[in-house]
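Spelled out, the chains give:
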Amino acid sequence: MNLPIIEKIKLKISPASLFSYFKDSPYSFFLDSALSTNKLGRFSFLGIEPFLIFKSKKNNVELKWPEKKEILSENPFLVLKDLFKRFKIDTDIDFPFPFIGGGVGYFSYDMKDLLERLPDKARDDLNLPDSCVCFYDTILIFDHSNSNFFIVSTGFPEK
């Protein structure tokens with residue numbers, strides 16, 4: 001299990017302005033809170049360049065690593081379970097942030113077909129993945145309570 005590295009960095013820019021430089025990078029994300037700066041709205045998170053991209057369409061799974069691509073025919077929930085186990089961050093350590101890296105993505109309504117049988121009357125006219133989860137080893141965190149930026153690295157996928 002990896003121990004994250006946390007470094008405070010000085011930047012004179014808002015998180016939204018900073019993200020504007022990276023918004024066109026494939027698989028970049030910006031999780032910005034609309035809440036006040038109490039516990040739940042205190043942090044914003046930015047990430048780019050995931051070390052792993054997981055996509056699924058029904059039972060077809062694609063794992064895209066920087067150096068290779070894997071195609072699997074398995075239940076995507078089970079593949080994800082294994083990936084989260086493989087890239088587990090020690091939760092016994094008390095971190096100052098609620099999120100320090102890992103998976104960010106989405107599950108579409110069509111994932112229901114892997115769990116239960118319901119009528120499927122919709123046409124797949126967009127041809128989007130049923131799920132997409134990107135794994136990030138380094139993210140930037142903005143603490144709204146004191147206007148500080150922190151860069152956090154999990155060290156994944158290295159050991």
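Placed above this text is the structure.
Attention in this report is confined to the structure presented alongside it. (Residues numbered from 1 in each chain as written. Predicted model: local features only at pLDDT ≥ 70, side-chain atom pairs only at ≥ 80, totals over all residues. Heavy atoms only, no water.)

**Quick notes on the nonpolar core**
If you look at the biggest cluster of nonpolar residues, it comprises 30 residues, and the most contacted ones within it are Leu 52, Phe 54, Leu 63, Leu 83, Phe 87, Phe 135 and Ile 141. Of all elements in the fold, only strand S3 (43-47), strand S4 (52-57), strand S5 (60-64), helix H2 (76-86), strand S8 (131-136), strand S9 (138-143) and strand S10 (148-153) reach the threshold of two or more residues within this core. Ranked by residue count, the leading element in this core is S8, at five residues. For Leu 52, the residues in contact, after removing those within four places along its chain, are Leu 63, Lys 64, Trp 65, Leu 83, Phe 87, Val 133, Cys 134 and Phe 135. In this structure, Phe 19, Leu 46, Leu 140 and Phe 149 belong to the second largest nonpolar core, which totals six residues. (Core = buried A, V, L, I, M, F, W, Y, C linked by side-chain atoms within 4.5 Å. Buried < 20%, exposed > 50% of the residue type's maximum accessible area, 1.4 Å probe, protein only. Helix = DSSP H or I, 4+ residues; strand = E, 2+ residues; numbered from the N terminus. Contact = heavy atoms within 4.5 Å.)

**With respect to the pairing of S3**
Counting buried positions along S3 gives five out of five residues, so the element sits mostly inside the fold. Taking every second residue as pointing to the same face, both faces of S3 are buried, with Phe 43, Phe 45 and Gly 47 on one and Ser 44 and Leu 46 on the other. Bridge count for strand S2 (residues 29-31) against S3 is three bridges, and the pairing is antiparallel. Of the residues in S3, the one forming a bridge with Phe 29 is Gly 47. Inspection of the sheet shows S3 paired to S9 by four bridges, in the antiparallel sense. Across the sheet, Ser 44 pairs through a bridge with Phe 142, a residue of S9. (Pairing = 2+ DSSP bridges.)

**Concerning the sheet that holds S10**
Within the open sheet, the five strands sit side by side as S1-S10-S9-S3-S2. Their pairing is antiparallel. Every other strand in the sheet has two partners, leaving strand S1 (5-9) and S2 as the edge strands with one partner each. Direction aside, neighbouring strands of the sheet carry axes that sit 20° apart on average. Pairing of S9 with S10 involves six bridges; the strand directions are antiparallel. (Axes fitted to C-alpha atoms, helices over the stretch in contact; angles between N-to-C directions.)

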